[in-house]
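# Architecture and fold: a report
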Amino acid sequence: MPNFLVIGAPKSGTTSLYRYLDEHPQVYMSSHKEPRFFAFEGCTGFNGHGVSRYNIVTTLDEYQQLFAQVADQQAIGEASTWYLSSPTAPERIKHYIPDVKLIAILREPAERAYSHYWHLYRKDLEPIDTFEQAILAEENRKKSNWLPDWYYLQEGFYYEHLTRYFQLFNKEQIRVYLYEDLCSDPRKVLRDIFQFLDIDSAFEPNVVQRYNVTKLMRSKRLGDFLKRPSPIKGFIRRTLPETSRSKARQMFEAMNTYDRPKMLPEIKANLLADYSESIYQLQDLLNRDLSHWLAV
């Protein structure tokens, strides 16, 4: 079983953190980044657009198999971002691994929700064409048992989510970081995490690369061509060296992507009005000024 978990939040740098941690020689990260076991043990009948593409671990035996290859690593972990907002995950984690260390990264909640929407839209997992309409659909999706990945608003009430963990675990077992800290000084954040996990804090992973950054595709046809096997790609593989193929792929991917549009100020203001009380409570819980999150 793991002895630490990255519990969220989604679209807050958890994929980058997972990759950086995986570079450390004293860390074993589950190759299945998001097994989500503690949120969905014994559950079935999941709904959602493209739900068949989600690989959710629901049995203890399957979950333990994820760590069967652990050798002499001291820190054993996984990163499932749904644990943060799950109402059942804290108690299940406490039951199975009561001494676990927990890591959360939080991003300004309105921007997080917006980024989350575009991330799923890019992957053809969000059927609604506008963020505003997807937000309005959230309550019906909950009633229809859609997976939490489509609960854009709910994920951002961090105070309520973290309170469940602070009620069950000693505060010494929990570390909470901000997304902006990971972006501005990732080495400092990682040194603190390494110290928290009692491993060599002098190790420096490659933090130049950022992972899971949301980009939109100009041409789905080109995107599919770059991702899927084809006779043309087989011919290219046989005739060009790997370095040339890699450079060409990177060039075409860059040409075929663009940044998502910015959120309209009035939409952000409405979301922050919903989140404001939770943000003020979170300030007190973390003893950290979060007033910059409330700026539109």
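Read on for a plain summary of the structure. In this text, all values refer to a predicted model and were calculated from it rather than measured experimentally. (Residues numbered from 1 in each chain as written. Predicted model: local features only at pLDDT ≥ 70, side-chain atom pairs only at ≥ 80, totals over all residues. Heavy atoms only, no water.)

## As for helix H5 (residues 109–122)
In this model H5 runs 20 Å from its N-terminal to its C-terminal C-alpha over 14 residues, within 8% of the 20 Å that 1.5 Å per residue would give. With 11 of 14 residues buried, H5 is to be regarded as a mostly interior element. Along H5, the residues that are buried comprise Pro-109, Ala-110, Arg-112, Ala-113, Tyr-114, Ser-115, His-116, Tyr-117, Trp-118, His-119 and Leu-120. Between a side-chain oxygen at the N-terminus of H5 and the backbone nitrogen of Ala-110 the separation is 2.5 Å; the capping residue is Glu-108. Trailing H5 by a residue or two, Asp-124 shows a phi angle of about 60 degrees, which is positive. (Helix = DSSP H or I, 4+ residues; strand = E, 2+ residues; numbered from the N terminus. Expected span 1.5 Å × (residues − 1). Buried < 20%, exposed > 50% of the residue type's maximum accessible area, 1.4 Å probe, protein only. Polar contact = N/O pair within 3.5 Å; in protein donor to acceptor, adjacent residues only side chain to side chain.)

## Regarding the packing of helix H4 (residues 89–96) against helix H8 (residues 158–168)
Remark: H4 packs on H8, axes separated minimally by 9 Å, with the N-to-C direction vectors making an angle of 25 degrees. By the angle class used here, H4 and H8 are roughly parallel. Classified by chirality, the crossing of H8 by H4 is right-handed. Across the interface between the two elements, Ala-89, Pro-90, Glu-91, Ile-93 and Lys-94 of H4 pack against Arg-164, Tyr-165 and Leu-168 of H8. (Axes fitted to C-alpha atoms, helices over the stretch in contact; angles between N-to-C directions. Parallel < 35°, antiparallel > 145°, perpendicular 65-115°, else oblique. Left-handed = near helix turned anticlockwise from the far one by under 90°. Contact = heavy atoms within 4.5 Å.)

## Points about the pattern of salt bridges
Within this structure, the stated rule accounts for 12 salt bridges. Between Glu-108 and Lys-268 there is a salt bridge; the shortest N-O distance is 3.5 Å. On the criterion of sequence distance, the pair formed by Glu-108 in the loop between strand E4 (101–106) and H5 and Lys-268 in helix H14 (residues 265–286) is long-range, its members being 160 residues apart. For the salt bridge of Glu-204 with Arg-187, the shortest nitrogen-to-oxygen distance reads 3.3 Å. A residue pair is termed long-range when its members are at least 10 positions apart, and Glu-204 in the loop between helix H10 (186–196) and strand E6 (215–217) and Arg-187 in helix H10 qualify at 17 residues. The class for Arg-187 is partly exposed, based on a relative accessible area of 36%. (Salt bridge = Lys/Arg side-chain N within 4 Å of Asp/Glu carboxyl O.)

## Let's talk about unusual backbone geometry
Cis peptide bonds are those with omega within 30 degrees of zero, and the linkage from Gly-8 to Ala-9 qualifies with 5 degrees. Although it is not a glycine, Asn-145 adopts a positive phi angle of roughly 65 degrees. In this structure, Asn-145 sits in the loop between helix H7 (138–143) and H8. Of note, the phi angle at Asp-198 is positive, near 60 degrees, even though the residue is not glycine. Secondary-structure assignment places Asp-198 in the loop between H10 and E6.

## Comments concerning the pairing of strand E3 (residues 75–79)
Counting buried positions along E3 gives five out of five residues, so the element sits mostly inside the fold. Two strands pair when backbone bridges link them, and strand E1 (residues 4–8) and E3 are joined in this way by three bridges, in the parallel orientation. By the bridge assignment for E3, Val-6 is matched with Ala-79. Across three bridges, the pairing between strand E2 (residues 27–29) and E3 is parallel. Looking at E3, one finds that Tyr-28 is bridged to Ile-76. (Pairing = 2+ DSSP bridges.)

## Considerations on the sheet that holds E2
Here five strands make up an open sheet; going across it, the order is E2-E3-E1-E4-E5 and the pairing parallel. Lying at the two open borders of the sheet, with one neighbouring strand each, are E2 and strand E5 (174–178). Each strand axis lies, on average, 25 degrees off the axis of its neighbour in the sheet, ignoring direction. Examined bridge by bridge, E4 and E5 share five bridges and lie parallel to one another. Pairing of Ile-103 across the sheet is with Arg-175, part of E5. Most of the contacts of H10 go to E5, to which it runs at about 175 degrees, and overall it touches E4 and E5.

Nothing here speaks to function; it is geometry throughout.
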